[in-house]
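Listed here are the chains, written in short residue letters.
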Amino acid sequence: MPNIVDGLQAAILSEQCAFTYVNRRFANRTETIITAIMSNQLTPDLLIRAYSVGLFPMAESHDDPTLYWIDPEWRGVLPLDGFHVPRSLRKAVRKGTFKVHVNKAFPDVIRACAEPTDSRDDTWINDNILDAYCALHKMGCAHSIEAWLDGKLVGGLYGVSLGQAFFGESMFSRATNASKVALVHLVALLRQGGYTLLDTQFVNDHLKQFGVVEIPRERYRSELARALAGRASLPFEADPEFIEQVLQQGDR
């Protein structure tokens with residue numbers, strides 16, 4: 001059995017599910033992961049405990065009830081002091097086309113992230129995941145950053161907040177730059193609220209343009225432990241001063 005998880009991780013999962021180790025492809029990379037057959041519904045408590053030791057869940061497809069607990073060998077993180085804002089995005093943010101809200105429509109955001117798009121036929125968000133994260137949101141541990149245009153939700157992202165760590169889960173866009181503007185606001189909110197770690201899980205070409213980097217599992221666990229030991233709070237609105245600091249950082 002591969003040594004992908006330590007005893008603490010195994011103990012957390014073994015309470016509510018039977019699991020085996022398999023190789024699966026996620027984000028264009030083969031990962032050794034835990035296949036978890038849940039005996040009960042995924043719960044907010046289990047999610048919190050799993051995130052605290054570096055695990056996150058995914059499904060094979062939106063209609064597959066099986067959960068895969070993933071602990072990547074290489075983890076994607078976005079350094080909050082190294083966020084890069086492309087020139088066209090800086091213009092879009094400063095133009096103020098979108099009204100950005102925090103937690104106004106969390107269930108709608110995660111449902112939108114679960115919808116098929118032109119670039120993907122299916123998603124990893126099944127009903128079990130959707131329900132559990134909505135429950136986590138009600139507990140104040142999951143948040144959505146939303147872009148609105150003419151009174152309609154047109155883009156956004158959601159993630160989990162624990163200590164000084166924010167775990168980005170997914171994003172969607174129905175208008176040009178909508179999800180990217182939400183990401184800029186997220187970085188401003190995290191800096192404003194005292195966060196130190198923004199976990200993107202994986203790295204892809206889309207995220208690389210913003211400065212996302214890969215770090216090895218052991219380094220990630222160390223950074224996670226430090227972040228969980230601190231305290232942070234996500235503001236309800238990004239201060240324009242912090243947004244401008246993020247944009248100016250991208251100018252350099």
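Residues numbered from 1 in each chain as written. Predicted model: local features only at pLDDT ≥ 70, side-chain atom pairs only at ≥ 80, totals over all residues. Heavy atoms only, no water.

(A) A look at the packing of aromatic side chains. Throughout the structure, instances matching the rule amount to five aromatic pairs. Between Y51 and F167, the ring centres sit 4.9 Å apart and the planes meet at 55°, which makes this aromatic pair tilted. Highlighted residues: Y51 in helix 2 (residues 44-52) and F167 in strand 9 (residues 165-173), separated in sequence by 116 residues. Like Y51, the residue F167 is buried in the burial classification. Feature note: the residues F106, Y133 and Y158 constitute an aromatic cluster, connected by ring pairs. Its guanidinium or amino end placed over the ring of W148, K104 lies 4.3 Å from that ring's centre, counting from NZ or CZ. (Phe/Tyr/Trp six-rings, centres within 6.5 Å; stacked < 30°, edge-to-face > 60°. Helix = DSSP H or I, 4+ residues; strand = E, 2+ residues; numbered from the N terminus. Buried < 20%, exposed > 50% of the residue type's maximum accessible area, 1.4 Å probe, protein only. Lys NZ or Arg CZ within 6 Å of the ring centre and 35° of its normal.)

(B) Summary view of unusual backbone geometry. Located in the positive-phi region is N177, a residue other than glycine, with phi close to 75°. Mapped onto the elements, N177 comes out in the loop between strand 9 and helix 6 (178-193). We note that Q201 has phi near 70°; this positive angle belongs to a residue other than glycine. Of note, Q201 is situated in strand 10 (residues 197-201). Owing to a relative accessible area of 4%, Q201 belongs among the buried residues under this scheme.

(C) A look at the nonpolar core. Formed by 46 residues in total, the largest nonpolar core has its most connected members in I125, Y133 and Y158. With six residues, helix 5 (residues 127-138) is the single largest residue contributor to this core. Once you skip the residues sitting within four places of it in the chain, Y133 turns out to touch L47, Y51, P57, F106, I110, A142, Y158, V160 and E169. Ranked by size, the runner-up nonpolar core spans 36 residues in total, among them A175, V181, L189 and L247. (Core = buried A, V, L, I, M, F, W, Y, C linked by side-chain atoms within 4.5 Å. Contact = heavy atoms within 4.5 Å.)

(D) Geometry of the pairing of strand 7 (residues 142-149). Among the eight residues that make up strand 7, seven are buried, leaving the element largely enclosed by the rest of the structure. Relative to strand 7, strand 6 (residues 99-102) runs antiparallel, the two sharing four bridges. The residue bridging K99 from the neighbouring strand is W148, located in strand 7. Hairpin connection of strand 7 to strand 8 (residues 152-162): two residues between the antiparallel strands, including D150 at a positive phi of 55°. (Pairing = 2+ DSSP bridges.)

(E) How the structure looks around the sheet that holds strand 6. Ordered in space as 6-7-8-9-10-5-11, the seven strands form an open sheet in which the pairing is mixed. At either end of the open sheet lies a strand with only one pairing partner, and these are strand 6 and strand 11 (213-216). Averaged over all adjacent pairs, the angle separating strand axes in this sheet is 35°, with direction ignored. For strand 8 and strand 9, the ladder comprises eight bridges, and the chain directions are antiparallel. (Axes fitted to C-alpha atoms, helices over the stretch in contact; angles between N-to-C directions.)

(F) Up close: the side chain of S144. Note that S144 resides in strand 7. At 2.6 Å, the side chain of S144 and the side chain of E146 are in polar contact. If near-sequence neighbours (up to four positions away) are discounted, S144 is found in contact with H101, V102, N103, K104, A105, F106, V109, L157 and Y158. (Polar contact = N/O pair within 3.5 Å; in protein donor to acceptor, adjacent residues only side chain to side chain.)

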